[in-house]
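Take a look at the letters that make up each chain.
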Amino acid sequence: MAQLWGGRFSKETDQLVYDFNASITYDKRFLKQDVRGSIAHVTMLASVDIISNDEKDLIIKTLNEIVEDVESGKLEITTTYEDVHSFVEANLIDRIGDTGKKLHTGRSRNDQVALDMRLYIRDEITELRDDLKELMKVVNNLMKENVDTVMPGFTHMQKAQPVTFAHHMGAYFEMFKRDRDRLSDIFDRMNYCPLGSGALAGTTYPLDRELTARLLSFKGPTMNSMDSVSDRDYLIELLSALSTVMMHLSRFSEEIITWNSNEYQFIELDDSYSTGSSIMPQKKNPDIAELVRGKTGRVYGALMTMLTVMKGIPLAYNKDIQEDKEMTFDAIDTVKGCIVLFTGMISTMKINKVRMKDSAAGGFTNATDAADYLVNHGVAFRDAHGIIGRLVLRCIELGVSLDKLPLEEYKSISPVFEEDIYKAISIEECVARRNTIGAPGPESMKDIIAKNDEYLAAN
Ligand code: ARG
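Residues numbered from 1 in each chain as written. Predicted model: local features only at pLDDT ≥ 70, side-chain atom pairs only at ≥ 80, totals over all residues. Heavy atoms only, no water.

1. Brief notes about the site of the ligand
Part 1: In the vicinity of the ligand, the contacting residues are Ser-23, Asp-83, His-85, Arg-109, Asn-110, Val-113, Tyr-317, Lys-319, Gln-322 and Lys-325.
Part 2: Measuring from a nitrogen atom of the ligand, one finds a side-chain N or O atom of Ser-23 at 3.0 Å.
Part 3: The contact in question runs from an oxygen atom of the ligand to an N or O atom on the side chain of Lys-325, over 2.4 Å.
Part 4: Protein contact buries 86% of the 340 Å² of open area that the ligand shows by itself.
Part 5: Among the residues making up the shell around the ligand, the classes are represented as two nonpolar, four polar and four charged. (Near = heavy atom within 4 Å. Polar contact = N/O pair within 3.5 Å; in protein donor to acceptor, adjacent residues only side chain to side chain. Areas by Shrake-Rupley, 256 points an atom, 1.4 Å probe, with all protein chains shown as cover. Nonpolar A, V, L, I, M, F, W, Y, C, P; charged D, E, K, R; others polar.)

2. Focus on the environment of Gly-276
Part 1: On the secondary structure map, Gly-276 appears in the loop between β3 (267-268) and α11 (287-310).
Part 2: When neighbours within four sequence positions are excluded, Gly-276 is seen to be in contact with Lys-283 and Asn-285. (Helix = DSSP H or I, 4+ residues; strand = E, 2+ residues; numbered from the N terminus. Contact = heavy atoms within 4.5 Å.)

3. Description of unusual backbone geometry
Part 1: The amide bond that connects Leu-315 to the next residue, Ala-316, takes the cis arrangement and shows omega of 5°.
Part 2: Positioned with a positive phi, Met-157 is a non-glycine residue whose angle comes to about 65°.
Part 3: One non-glycine residue, Gln-265, lies in positive phi territory at about 50°.
Part 4: Tracing the backbone through its elements, the reader meets Gln-265 in the loop between α10 (233-259) and β3.
Part 5: On the accessibility criterion, Gln-265 (35% relative accessible area) is partly exposed. (Buried < 20%, exposed > 50% of the residue type's maximum accessible area, 1.4 Å probe, protein only.)

4. Details of the nonpolar core
Part 1: Counting residues in each nonpolar core, the largest one holds 97 residues, and the members touching the most others are Phe-87, Ile-121, Leu-249, Ile-256 and Ile-346.
Part 2: Take this core: its biggest share by element is 14 residues, from α10.
Part 3: Listed in part, the 20 residues of the second largest apolar core include Tyr-373, Leu-374, Ile-387 and Cys-395. (Core = buried A, V, L, I, M, F, W, Y, C linked by side-chain atoms within 4.5 Å.)

5. Points about the packing of helix α4 (residues 53-72) against helix α5 (residues 84-96)
Part 1: Between α4 and α5, whose axes approach to 10 Å, the crossing angle comes to 115°. In this structure, α4 crosses over α5, and the sense of that crossing is right-handed. Residues Leu-58, Ile-59, Thr-62, Leu-63, Glu-65, Ile-66, Asp-69 and Val-70 of α4 touch α5, and the partners they reach there are Phe-87, Val-88, Asn-91, Leu-92, Arg-95 and Ile-96.
Part 2: For the contact of α4 with α5, the residue count by class is nine nonpolar, two polar and three charged. (Axes fitted to C-alpha atoms, helices over the stretch in contact; angles between N-to-C directions. Left-handed = near helix turned anticlockwise from the far one by under 90°.)

6. Considerations on the packing of aromatic side chains
The relation between two aromatic rings is expressed through the spacing of the ring centres and the mutual angle of the planes.
Part 1: Counted under the stated rule, the structure contains 15 aromatic pairs.
Part 2: Relative to Trp-259, the ring of Phe-165 has its centre 5.6 Å away and its plane inclined at 65°; by these criteria the two rings are edge-to-face. Of this pair, Phe-165 sits in helix α7 (residues 165-190) while Trp-259 is found in helix α10, placing the two residues 94 residues apart along the sequence. Taken individually, Phe-165 and Trp-259 each receive the classification buried, so the pair is uniform in this respect.
Part 3: It is Arg-8 that lies over the ring of Phe-9; its NZ or CZ is 5.8 Å from the centre. (Phe/Tyr/Trp six-rings, centres within 6.5 Å; stacked < 30°, edge-to-face > 60°. Lys NZ or Arg CZ within 6 Å of the ring centre and 35° of its normal.)

7. Focus on a nonpolar patch on the surface
Part 1: A contiguous nonpolar surface patch, about 270 Å² in accessible area, is contributed by Leu-200, Met-226 and Leu-315.
Part 2: Relative to the helices and strands, Met-226 resides in helix α9 (residues 225-230).
Part 3: According to the relative accessible area criterion, Met-226 is partly exposed, its value standing at 34%. (Patch = residues over 30% accessible without salt bridge, like charges linked within 9 Å, V, L, I, M, F, W, Y side chains within 5 Å. Salt bridge = Lys/Arg side-chain N within 4 Å of Asp/Glu carboxyl O.)

8. Regarding the side chain of Lys-325
Part 1: Take Lys-325: it is sitting in helix α12 (residues 325-348).
Part 2: By relative accessible area, Lys-325 is classed as buried at 3%.
Part 3: The residues touching Lys-325, leaving out its near neighbours within four places in the chain, are Tyr-26, Asp-27, Phe-30, Val-113 and Met-117.

9. With respect to the pattern of salt bridges
Part 1: Evaluated as defined, the whole model comprises 33 salt bridges.
Part 2: As a salt-bridge pair, Asp-98 and Lys-101 come within 3.4 Å of each other at their nearest N and O atoms.
Part 3: You can call Asp-98 exposed: its relative accessible area is 58%.
Part 4: A relative accessible area of 52% means that Lys-101 is categorised as exposed.
Part 5: The partner of Glu-134 in a salt bridge is Lys-137, with the nearest N and O atoms 3.1 Å apart. Placement of the pair is Glu-134 and Lys-137 together in helix α6 (residues 109-145), with a separation of three residues, close to one helical turn.
Part 6: For Glu-134, a relative accessible area of 42% gives the class partly exposed.
Part 7: Residue classification places Lys-137 among the partly exposed positions, given a relative accessible area of 34%.

None of the figures reported here should be taken as evidence of function without further support.
So, in structure tokens, the structure goes:
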């Protein structure tokens, strides 16, 4: 047991207590952030003459060597240390003795861990945004390739009106764009430096908190030392944003699974992204999409955990807050993994354009357009709705689609119909005419795709 705080104790910590209390097995992830924070801290201490420049240089050099030794495998982070902060400080003191003992001047593990977590989350947000961007590029490419790929749009899982596959993909582009923006918002709001807050009440040393914040690329220092050591709002925001990413990926997965099913066959997942069955030789299963859908629950769990951990904590730091780490790390790792796998899966899937179009043609998705035809010929919409309803019923009796129903049948229900009804309800026409902003028509889609390209180039 290597602890930083034995002085006022007359007995050794019970081993079970030590293990229960320790966080080294998971906060060892913070090694780089912890050292980066310490380097900024001693640089600031030297600038206000609390330590000498030589001491600062020696500490920085040795801290960097510790990281190198861990990375090369020479030095192992073991459970003899309570947490990563103790590991770094103990090793520093081992190597340079009394000078190492000055590192922790004007600092507490409370503001130190608050800093490490923020540095770590900033890096992770950057990676998450990059991963989402790769996914959005693939989605936008699918849009480019499928401006003319007509498919049924659904409401209530019933065929509703024809759209295109580009349009359907465009909906996900918008969702992921909001997800990325949410991550930037969180980054901006949490981008303040807690170091220098001490245990809870600041310090009596003349610390230059502005300098520390600048050295670590924060917008500035945090403004209340009690809040600084106990605020984890940004983790709740992050886990909420990540839950929303997963919710989107889960909806998308659900559609992939449906489209890949034997009944739909709108798409076919690549062999490299599918799995087989140990008993049924014919099976090719969409396990990746199912796992993404399943892992959504795990990320929601992390959000609920964090909300619950924080809800009873009086100011300022309490050890409960140590529980902020494992679930948050797990959620971030899970989301990153899911985004990358999902990107690979949809960039390799085959789009079955014929099946999609046949499905759109067979499901009365042009019924609204047939009603619009009547409206354009002077019939009131409500009457037109009734007339087309009767025609659909007739089609069902005869087992045909609207475009195959003979003109006499049309005329027997309303004399307004003429030969040009067939053009008006051709599936391609129905899509091509929908060109309001955000609609599936090709003109409108091309504008959106150009905007997506601009967004991907600029952000
Ligand atoms: N391992 C602790 C955590 O993750 C570091 C802070 C410890 N502070 C303390 N007062 N015991 O929160």
